[in-house]
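Spelled out from the first residue to the last, the chains are:
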Amino acid sequence: SNSAAGFGGRAIDQAAHRIGMQYGVHNIYHMIGSEGSGQRALFSLANLHQPGEFDLEKLAELKTPGVILFMIVPCVPDPGQVFARLAGAANTLCRLLDGRSVDQEGRSLTPGGLKAIRVQVDQIAADMRAYGIPPGSETAVRLFGDVAVC
């Protein structure tokens, strides 16, 4: 959050729904894939504070300094495309909530930083394919996924 007060729970809920995310498993928000992806979560949004969840009954009181968008790379078909959607969702959330994107060290996420993450995502997908496990396949989900999220 750009504000010392942090993000409010209701604002997070409204912004998540506005970009098409659904509240669900593990009490976090999920971007659900189409029929072709088996209706699995493509990526998810969690609270920066542990345990990462959002209690809908306490959203009015919630204040958090940030949120986390994440994806389970092996569990999604076409991970590069899903990462691009996640990055776009992050930009929209930043605009809607008055926030900024940062990396795992808390530094501003630059275009170069996004590109480095995309290279990692693409490498994981390529490695999986080299082992005969297509990303997003039932085998990948069984091996790498939390069935409740993937």
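Residues numbered from 1 in each chain as written. Predicted model: local features only at pLDDT ≥ 70, side-chain atom pairs only at ≥ 80, totals over all residues. Heavy atoms only, no water.

Draft legend 1. Fine view of the nonpolar core. Ile-12, Met-21, Tyr-29, Phe-43, Leu-45 and Met-71 are the most contacted members of the largest nonpolar core, which has 24 residues in total. Breaking this core down by element, the ones donating at least two residues are α1 (9-18), β3 (29-32), β4 (41-47) and α2 (79-97). Broken down by element, this core gets its largest block of residues, 6 residues, from α2. Those residues in contact with Met-71 that lie beyond four places of it in its chain are Leu-42, Phe-43, Val-76, Pro-79, Val-82, Phe-83 and Leu-86. (Core = buried A, V, L, I, M, F, W, Y, C linked by side-chain atoms within 4.5 Å. Buried < 20%, exposed > 50% of the residue type's maximum accessible area, 1.4 Å probe, protein only. Helix = DSSP H or I, 4+ residues; strand = E, 2+ residues; numbered from the N terminus. Contact = heavy atoms within 4.5 Å.)

Draft legend 2. Representation of α1 within the structure. Among all positions in α1, only Gly-9, Ile-12, Asp-13, Ala-15 and Ala-16 are buried. Of the surrounding secondary structure, the elements contacted by the buried residues of α1 are β1 (7-8), β3, β4, β5 (63-64), β6 (67-70) and α2. Immediately downstream of α1, the backbone of Gly-20 shows phi near 100°, a positive value.

Draft legend 3. Quick look at the sheet that holds β6. Pairing within the open sheet is antiparallel, and its 4 strands lie in the order β2-β3-β4-β6. Unpaired on one side and paired on the other, β2 (22-23) and β6 mark the two borders of the sheet. As judged from the 4 bridges shared by β3 and β4, these two strands associate in the antiparallel manner. The partner of Ile-32 across the bridge, within β4, is Ala-41. Contacts from α1 reach β2, β3, β4 and β6 within the one sheet, and its direction differs from that of β3 by about 5°. The sheet contacts of α2 involve β3, β4 and β6, and relative to β4 the element is tilted by about 35°. (Pairing = 2+ DSSP bridges. Axes fitted to C-alpha atoms, helices over the stretch in contact; angles between N-to-C directions.)

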